[in-house]
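Single-letter residue listing:
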Amino acid sequence: MIGLAATPEVSLADEPVRIRAWGLPPQTAITLRAWVRDEKGDIFHSRAFYQTDTEGKVDLEQSEATGGDFRGIYPMGLFWALKPTTPYRRLIKQDVMGSPFLVHLELYPSVLLVPSEDHLPAVTTVVERWYVAPGVQRLQVRDGRVRGALFLPPGEGPFPGVIEMFGGLGGLLEFRSSLLASRGFACLALAYSAYEDLPKFMPTVDLTYFEEAAQFLLRNPKVSGDGVGVVAVCKAAEIALCMASYLPQVQATVCLNCPNALYGNFLTYGNISMEAIPYQIQKVQIHSETIQFSSALDDPRKPEYQDSVIPIERARGPVLFCVGDKDQLCESLFFANEALARARKKGKQNVYVRRYPGAGHLLEPPGSPFCPVSQSAFFPVPVIWGGELVPHCTAQETCWREMRDFLHSNLGPGTKSKL
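An unreviewed UniProt entry lists the protein under the name Acyl-coenzyme A amino acid N-acyltransferase 2, with Xenopus tropicalis as the source organism. Recorded in UniProt for the protein, the comment headed Sequence similarities (unreviewed entry) runs: "Belongs to the C/M/P thioester hydrolase family."

Following this line, the structure appears as C-alpha cells:
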C-alpha cells in the first residue's frame, strides 16, 4: 500500500516538517505536490520530482529532488516553493488566532509535467501550520493614540518586550508578532498608518507616537526590564532605526533590509526635526510588468543629505542589520555597511551586519514561501523584491534564529549588549 506522511501533522509555521513516502515501486520517478488556499481563496502550489530508493521509499530529509520547482535535498522545499496560481499574489496569514494554513500534500506515482483535473493523487495528507502556540493571548490595543495587537506568551513571565512593525503599506500584519510570542516574547504588532482611525498615509514620522507605544508595552506587568526591542522591515525598519537613535526606551533593534537615512517623510520628536531625502520616483526602473524601486533611493553620502542620515551612534543599545544581498527594493547591504561605518567612526561598537547571500527583500519566518515579486498598493504594477529560492529560504531560517538569539541576549534586566 502506498503511504505518505508529514510529521508533525500540527505545528507552528516556523517549524520544519518531515515528509516521507513508501510502498512505491523501486527506482521509480514520482511527483510530490503541495498546495494551500489563503484566506482570500487564492491557491498557492508547488511540486518536485523524486526517484524512489531500492525499497520504494522517499524521505525528503535524504532524497534529492531531481526536478520540478527545485533540485537538491531540501526537506522544506515544497513549502518554500509555494507560488500563486494568480500571478503576483503573496501568501500572508491574516487571522493568526482563528485558523491555521492547511497545506495539502499529494503523491503521484509518475512525473506530472502538466497537471490537470484528470490526474488524481495516489495518496494525500494535510498538515496544519499555525502562527500562534497554545496559550498565547492576543489583546487588541487602543491605548491613547496607539493602535495594534499585543501578543503575550502563556505564563506569568516576565517576558522580554518587543515592538514589531511591517513596511510602508500600512495596516496591521500580525504573523511575525504571534510567532515571536510563541517563542517567549511579549510582542506588540504596531500599526502606524492605514489602520482603524490612523491616517491612511504617514506624511510625518512623529516619534512620540512610537515612544507612546514603547511606554505602553513597558507598563505591562508581564514585560521585563526597562527597555524594549524593535523588529521591523523596510520603511518600518527605517523608523525603527530612528527609534533606536532617539528613544531611551529602545534597548535592542533588528532592522530587516532598510536604508540608513530618512527617506520621503519628515521626522519630528520634541525639538528635534529631520528633513527626509526625497524619493527619486522618476528613476524607478520598469521591467515588463514589474517595477524595481531601488534606484529611487538617492545616495545618502551626498553632502546635501548629511542631515538626513540617521545618527545610529546615539542608540542606547545594539543594532542588528539583517540584509539580503539580492534585495531589489533597496540596496540594503550598502545601507547597512554605511550605518556600520558611521557607528565605528563615532565610537559605537555594538552594531552588526548579517549578510545573507542570494536573499531578497522579504525576510520572513522559516517555512514562508519565497516571494520574489508581488502586487503593491503603492504602484499600479507589481514590485520586484529580489532573491533566489533556495538561498533566500535558507536565509530565512538563519535570520529567524539569529534575530531571536539577539533579542533574548539583549533584552531584560541586567543584560549586556552582545550578539
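Trainee: I keep staring at the nonpolar core and nothing clicks. Help me out?
Mentor: Across soluble globular proteins, nonpolar side chains have a tendency to be buried as a group. Ile19, Ile163, Met165, Leu207, Phe210, Met243 and Phe321 are the most contacted members of the largest nonpolar core, which has 147 residues in total. Among the elements that line this core, the one with the most residues is helix H4 (residues 235-246), at nine residues. When neighbours within four sequence positions are excluded, isoleucine 19 is seen to be in contact with Leu4, Ala5, Ala6, Leu32, Val58, Asp59, Leu60, Leu78, Phe79 and Leu105.

Trainee: Got a minute to help me understand the layout of surface pockets in this structure?
Mentor: By rolling a water-sized probe across the atoms, one finds the places where empty space is left. Space inside the largest pocket adds up to approximately 1300 Å³. Among the residues making up the lining of the largest pocket, the classes are represented as 26 nonpolar, twelve polar and eleven charged. Here the second largest pocket is characterised by a volume of approximately 300 Å³. Every residue lining the second largest pocket is counted, 14 residues in all, and those nearest its centre are Arg33, Tyr108, Pro115, Ser116 and Glu117. Where the lining of the second largest pocket is concerned, the elements lending two or more residues are strand E4 (29-37), strand E5 (43-51) and strand E9 (101-108). For the lining of the second largest pocket, the leading source of residues is E5, giving three residues. Looking at the lining of the second largest pocket, its residues break down into five nonpolar, five polar and four charged.

Trainee: Please clarify how the sheet that holds strand E12 (residues 146-152) should be interpreted in this entry.
Mentor: Within a sheet, neighbouring strands are paired by backbone hydrogen bonds and run either parallel or antiparallel to one another. The strand order across the open sheet formed by eight strands is E11-E12-E14-E13-E16-E17-E22-E23, and the pairing between neighbours is mixed. Each of the sheet's edge strands pairs with one partner strand only, and the pair in question is strand E11 (137-143) and strand E23 (351-356). Recorded for the sheet is a direction-independent mean angle of 20° between the axes of neighbouring strands. Where strand E17 (residues 250-256) and strand E22 (residues 319-324) come together, four bridges link them in parallel fashion. Its bridge partner being in E22, valine 254 is matched across the sheet by leucine 320. Strand contacts of helix H3 (residues 207-219): E11, E12, strand E13 (161-165), strand E14 (186-191) and strand E16 (228-233), with the helix running at about 155° to E14, the strand carrying the most contacts. With respect to the sheet, helix H5 (residues 332-345) is in contact with E22 and E23, its orientation differing from that of E23 by roughly 160°.

Trainee: Looking at this model, I keep getting lost on the pattern of salt bridges. Mind explaining?
Mentor: Opposite charge on two side chains permits them to pair, given that their charged atoms come into close proximity. Tallied over the full model, the rule gives 25 salt bridges. Note that glutamate 39 and lysine 93 form a salt bridge whose closest N and O atoms lie 2.6 Å from each other. One end of the pair, glutamate 39, is in the loop between E4 and E5; the other, lysine 93, is in the loop between strand E8 (83-84) and E9, with 54 residues separating them in the sequence. On the basis of relative accessible area, lysine 93 is assigned to the buried category, the value being 1%.

Trainee: Is there a simple way to think about the packing of aromatic side chains in this case?
Mentor: A complete count under the given rule lists ten aromatic pairs for this structure. Ring centres of tyrosine 74 and tryptophan 80 lie 5.9 Å apart, and the angle between their planes is 40°; this geometry places the pair in the tilted category. Classification of tyrosine 74 by relative accessible area gives partly exposed; the value is 24%. With relative accessibility at 5%, the residue tryptophan 80 sits in the buried group. Put simply, the rings of Tyr263, Tyr279, Phe293, Phe334 and Phe335 touch in pairs and so form one group of aromatic residues.

Trainee: Honestly, helix H6 (residues 389-410) in this entry has me stumped. Any pointers?
Mentor: The periodicity of an α-helix, 3.6 residues per turn, causes residues three or four positions apart to be oriented the same way. In this model, H6 (22 residues) spans 31 Å end to end at C-alpha, consistent with the 32 Å of a helix rising 1.5 Å per residue. Looking only at H6, the buried set comprises Leu389, His392, Cys393, Ala395, Gln396, Cys399, Trp400, Met403, Phe406, Leu407 and Asn410. The arc that holds the buried residues of H6, viewed along the axis, is 145°, so those residues lie on one side.

How each quantity is defined
- Residues numbered from 1 in each chain as written.
- Predicted model: local features only at pLDDT ≥ 70, side-chain atom pairs only at ≥ 80, totals over all residues.
- Heavy atoms only, no water.
- UniProt positions renumbered as here; feature names shortened; annotations may be inferred.
- Core = buried A, V, L, I, M, F, W, Y, C linked by side-chain atoms within 4.5 Å.
- Buried < 20%, exposed > 50% of the residue type's maximum accessible area, 1.4 Å probe, protein only.
- Helix = DSSP H or I, 4+ residues; strand = E, 2+ residues; numbered from the N terminus.
- Contact = heavy atoms within 4.5 Å.
- 1 Å grid on protein atoms, 1.4 Å probe; cavity = no way out; pocket = protein on both sides within 12 Å on 5 of 7 lines; lining within 4 Å.
- Points joined across faces, edges and corners; volume = space filled by probe spheres on them.
- Nonpolar A, V, L, I, M, F, W, Y, C, P; charged D, E, K, R; others polar.
- Pairing = 2+ DSSP bridges.
- Axes fitted to C-alpha atoms, helices over the stretch in contact; angles between N-to-C directions.
- Salt bridge = Lys/Arg side-chain N within 4 Å of Asp/Glu carboxyl O.
- Phe/Tyr/Trp six-rings, centres within 6.5 Å; stacked < 30°, edge-to-face > 60°.
- Expected span 1.5 Å × (residues − 1).
- Arc of directions from axis to C-beta.

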